[in-house]
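# Fold and geometry: a report
Here is what each chain is made of, one letter per residue.
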Amino acid sequence: MIQLTYSGDEQQILNERKDALQQIHANLYDKKGEGSEFLGWLDWPSQLSESFLNQINETAETIRKQADVLVVIGIGGSYLGAKAVIEALSPHFSNNNDFEVLFAGHQVSGAYLKELLAYLNDKEVAVNVISKSGTTTEPAIAFRFLQQYMEERYGDEAASRIYVTTDEKKGALLEVAKEKGYDRFVVPDDIGGRYSVFTAVGLLPIASAGFSIDELIAGAKEAEQAYKSFDLEQNPAIRYAAIRHALYQEGYKTEVQATFEPKMNYVQEWWKQLFGESEGKQGKGIFPASVSYTTDLHSLGQYIQDGERTLFESFIVFDEVDKDMTIVEKDNDADQLNYLAGRSLQEFNEKAYQGVTEAHLAGDVPQIGLRMKKLDAHHIGHLLYFYMLACAYSGYLLNVNPFDQPGVEDYKTKIFELLGKPGYA
Ligand SMILES: O=P(O)(O)OC[C@H]1O[C@](O)(CO)[C@@H](O)[C@@H]1O
């Protein structure tokens, strides 16, 4: 369960929005309202069958047997969920012989691809190419290179090392997969990219990395059940959405999500896409930004404390850490740290959290806290579902459709025109 704290008058915020929130709640669970054709994620964790999870786990096992490296090709929602969970659960420093999940197709850097292909040369490789539409340019370009690499290296065997996750019925990637006979996984029609982490999009790479998708889904399911009811005081997903909305209306237009745990940095990136693509439309929306503390206290900290007053902060903190260190006493206190002797680094970060929130609040940066027990697969599953649900409430409070992304097409059209793609004058 997530414990939410807020520095302002939460009761008033909830009272003022009670009717609107109740309507959103009814629309969501009756699957009505704008964008309701993309609500498949809402009860997805509890609908997931054991046989589907087994299928993913078995494929992941095959991949781990046939390869040392899985290259996951995708962009936006087709890579951020997997990247977020894998980074959150992986050790900071891997052993040379650990199975690796690497990513491609999330930009178009020649240096990145060239160095990736060179890196793969002395390793056994499998590829999972992920695109819901099956037509996104960046991953399609990366796959063209990776496919050629795999075919040159493995010949006919390449087909058994390439896994495709895409729409069931349409898209260029589907046609390629059918033609080559690649193993296929489906992105459900009613689940958009940024809400897809609990589908094969996220689960196959996460299971291949060696993490328990059963625990991840158990956490998501727990959140699905816990945050279903319209009990305003007890529902942190609704409360978080309501507080953000109130702050936005007061002129706080940027949310800075903060964490003291560097393993959470890609959860922050995932969160930015989720909220940015869901809310940023029709001239509206909170800009989602992120900081990693205490690192960024020494860079962006000055601005947050003292710059333009349009920011609010939301922290993700954990009660427990699985690895910690205690600062030792030294006879010679030359570095003047003996006052910290006997204290753990987790204790330091707890005090840092308290100190930073007090200082920033005094600098007129409203503070939201989201506290969880610990960082593991179960709690990450819970947290990601929490954010997806909160995002739906938040988008509807702004009167936008939280499930489309019409604005993303504009840059694509411009690029296609410049590159002379057929059909683009
Ligand atoms: O899975 P696809 O269709 O390749 O899309 C990737 C990403 O691109 C976007 O459509 C934006 O262009 C995101 O919404 C999506 O997550």
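What you see is a predicted model; the values in this text were computed from it and never measured. (Residues numbered from 1 in each chain as written. Predicted model: local features only at pLDDT ≥ 70, side-chain atom pairs only at ≥ 80, totals over all residues.)

Attention now moves to the domain arrangement of the chain. We note that the domain assignment places domain 1 (3–33 + 217–397) and domain 2 (41–211) within the chain. The gap between the C-alpha centroids of domain 1 and domain 2 is 29 Å. Listed by partner, the interface residues are 22 residues for domain 1 and 22 residues for domain 2. Elements supplying a minimum of two residues to the side of domain 1 that touches domain 2: α9 (213–226), α11 (265–279) and α14 (377–397). In terms of residue count, α11 provides more of the side of domain 1 that touches domain 2 than any other element does, 9 residues in total. A per-class count over the side of domain 1 that touches domain 2 returns 14 nonpolar, 3 polar and 5 charged. (Domains from an automatic or database assignment. Contact = placed C-beta atoms within 7 Å. Helix = DSSP H or I, 4+ residues; strand = E, 2+ residues; numbered from the N terminus. Nonpolar A, V, L, I, M, F, W, Y, C, P; charged D, E, K, R; others polar.)

Strand order in the open sheet made by the 5 strands is β1-β10-β9-β7-β8, with mixed pairing throughout. A strand with exactly one partner marks an edge of an open sheet, and here the two such strands are β1 (3–6) and β8 (287–292). With direction set aside, neighbouring strand axes in the sheet form an average angle of 20 degrees. Bridge analysis of strand β7 (residues 254–259) against strand β9 (residues 311–318) gives 6 bridges, and the strand direction is parallel. Among the inter-strand pairings, Thr254 is bridged to a residue of β9, identified as Leu311. Of the strands in this sheet, β1, β7, β9 and β10 (367–372) touch helix α10 (residues 236–249), which is tilted by about 25 degrees from β1. Contacts from helix α13 (residues 345–362) reach β9 and β10, with the element oriented near 170 degrees to β9. (Pairing = 2+ DSSP bridges. Axes fitted to C-alpha atoms, helices over the stretch in contact; angles between N-to-C directions.)

Turning our attention to the UniProt feature "active site" (unreviewed entry) in the chain. According to UniProt, the "active site" (unreviewed entry) feature falls on Glu277 and Lys412. If you trace the backbone, Lys412 turns up in helix α15 (residues 408–419). For Lys412, a count of 14 C-beta atoms within 10 Å corresponds to the partly exposed category. (UniProt positions renumbered as here; feature names shortened; annotations may be inferred. Buried ≥ 20, exposed ≤ 12 C-beta atoms within 10 Å, placed from the backbone.)

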